[in-house]
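Chain by chain, the residues:
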Amino acid sequence: MIAFMCFFALLALTLGQETQECGDFCTANYSPVCCSYDQGTFKTFSNACNADITNCKKKTRCESMTNGPCDAESLDKCEERVCADVKEPVCCTNLDGSAPETYENTCEAFNAMCARKKRCYSLEEGECEA
């Protein structure tokens, strides 16, 4: 019985530490950073601390982070990737207001966005609805 209680106490401490590792507080200074993700999406954060905490809590990570808000310049830094021939369709909702586009997979979406100097506002699993 004591071993059982110790196990749950340890589990509770471990789970509590997981959420604390992400942190909860950043200064309010505005020093924007652009975070690029492996799906080919970009997001501007008010500062690097906010980017780190948000990504930690969402269990995501920036593939690269550059100073300044995301803009066309951040897309100039894209490098085309070699994509596996895998059909896992994704729907890209573009920032420019154009119609959503379906790509074979996230890698193909990333390459298309880099080539067209576009960004996805969101990238969802599955084909875009007509």
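These numbers were taken from a predicted model, which means no experiment stands behind them. (Residues numbered from 1 in each chain as written. Predicted model: local features only at pLDDT ≥ 70, side-chain atom pairs only at ≥ 80, totals over all residues. Heavy atoms only, no water.)

Colleague: I tried to follow the overall build of the protein chain on my own but got confused; where do I start?
Modeller: Of regular secondary structure, the protein chain possesses four helices and six strands. In sequence order, the secondary structure elements of the protein chain are arranged as α-β-β-α-β-α-β-β-α-β. Looking at the protein chain as a whole, 32% of its 130 residues qualify as buried. Looking at the protein chain alone, contacts between residues at least 24 apart form 59% of all its contacts between residues at least 6 apart. (Helix = DSSP H or I, 4+ residues; strand = E, 2+ residues; numbered from the N terminus. Buried < 20%, exposed > 50% of the residue type's maximum accessible area, 1.4 Å probe, protein only. Contact = heavy atoms within 4.5 Å.)

Colleague: Would you mind showing me how to read the environment of Cys49 here?
Modeller: Within the fold, Cys49 resides in helix H2 (residues 48–58). Under the relative-accessibility criterion, Cys49 is labelled partly exposed at 30%. Not counting residues within four places of it along the chain, the set of residues in contact with Cys49 comprises Phe25 and Cys26.

Colleague: Would you explain helix H4 (residues 106–116) in this entry?
Modeller: Residue pairs spaced three or four apart in an α-helix point in one direction, given the helix's 3.6 residues per turn. Along H4, the residues that are buried comprise Cys107, Ala109, Phe110, Asn111, Ala112, Met113 and Cys114. Where H4 starts, the residue carrying a side-chain oxygen 3.1 Å from the main-chain nitrogen of Cys107 turns out to be Asn105. Positioned one or two residues after H4, Lys117 has a phi angle of 55°, which is positive. (Polar contact = N/O pair within 3.5 Å; in protein donor to acceptor, adjacent residues only side chain to side chain.)

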